[in-house]
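Per-entry structural report
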Amino acid sequence: MQTSSQNTFLIDCPYCQTRIAAIESGHAERDISEEFPYKERLIIGKCPRCGSLLAGETHELDIDCPSDAHPWSEVVRIYPAPLSDFLDNQIPEPVRVSIREAEMCMQVGANIAACAMLGRALEGVCRDIIGKEVMLGKGLSQLKGKKVIDDRLYAWSKQVNLFRNDTAHPDKYVTFVSSDDTKDLQSFVYAIVEYVYILTARYDEFLERKKRREKSR
């Protein structure tokens, strides 16, 4: 472990809800594999604003340049772990993967990519419930028609669909999406996914327990 009291690294602080230059306390490196001489690095430090402990990971991007000039990827926070409470195993894996990817994009300020991933997450919901071939816009309409989501959730999902179309298709040529808009879209996706996969199942379990109690009286 190498230590330094001078170095800083850019990382997302979940408590300050912004990207900050964390004060580095130390880091460790290793080769990713024997076949590929890329290195990965774990960095630990704390937020200069709130003092929260933070840890992130980064990896080399280009090994063809001199060893002392290898570019490194943006640092992605791994502690505090993002989304650990939200990503319940009841949520299909394709949806969970898309949500994780969106979170990672948001941590490094890649909001256009994050919007595309948030739309991908909702499309995963549609394909899980409606069918594998359905596209996002039509799938959301069918979820509403089947009463899987209500009018409010459908309105939120349409905004996600709009941003997803604008960011995923090159003919739209979107060059900027604000962090505030991306965070709102993230909240909409979380609400929809939680409603469909977690709260609905919990409510069904609640009704079943209530039914059993009534029968036992």
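Refer to the structure above for everything that follows.
Below you will find a few notes about this structure.

Reading the values: the criteria
- Residues numbered from 1 in each chain as written.
- Predicted model: local features only at pLDDT ≥ 70, side-chain atom pairs only at ≥ 80, totals over all residues.
- Heavy atoms only, no water.
- Helix = DSSP H or I, 4+ residues; strand = E, 2+ residues; numbered from the N terminus.
- Buried < 20%, exposed > 50% of the residue type's maximum accessible area, 1.4 Å probe, protein only.
- Contact = heavy atoms within 4.5 Å.
- Arc of directions from axis to C-beta.
- Pairing = 2+ DSSP bridges.
- Axes fitted to C-alpha atoms, helices over the stretch in contact; angles between N-to-C directions.

Here's the deal with the environment of Val174
- Position of Val174 relative to the elements: it lies in the loop between helix 4 (151-168) and helix 5 (179-216).
- Residue class for Val174 comes out partly exposed when judged on its relative accessible area of 27%.
- In the structure, Val174 is positioned 75 residues away from Ile99 in sequence and 21 Å away in space, judged by C-alpha atoms.
- Apart from residues no more than four positions distant in its own chain, Val174 is found in contact with Ile112, Asp166 and Thr167.

Considering helix 3 (residues 136-145)
- The set of residues buried in helix 3 consists of Leu136, Gly139, Leu140 and Leu143. Burial along helix 3 is one-sided: seen end-on, the buried residues are contained in an arc of 100 degrees. Facing away from the buried side of helix 3 by more than 90 degrees, the exposed set consists of Lys138 and Gly145.
- Following helix 3 by one or two positions, Lys147 has its phi on the positive side, about 65 degrees.

Let's talk about the sheet that holds strand 1 (residues 8-13)
- In spatial order, the strands read 1-2-3-4-5; together these five strands make up an open sheet with antiparallel pairing. Of all the strands in the sheet, just strand 1 and strand 5 (76-79) have a single pairing partner and so form its edges. Neighbour-to-neighbour, the strand axes of this sheet turn through a mean angle of 45 degrees, independent of strand direction.
- Direction of pairing for strand 2 (residues 18-31) relative to strand 3 (residues 39-46): antiparallel, over a ladder of eight bridges. The partner of Glu29 across the bridge, within strand 3, is Arg41.

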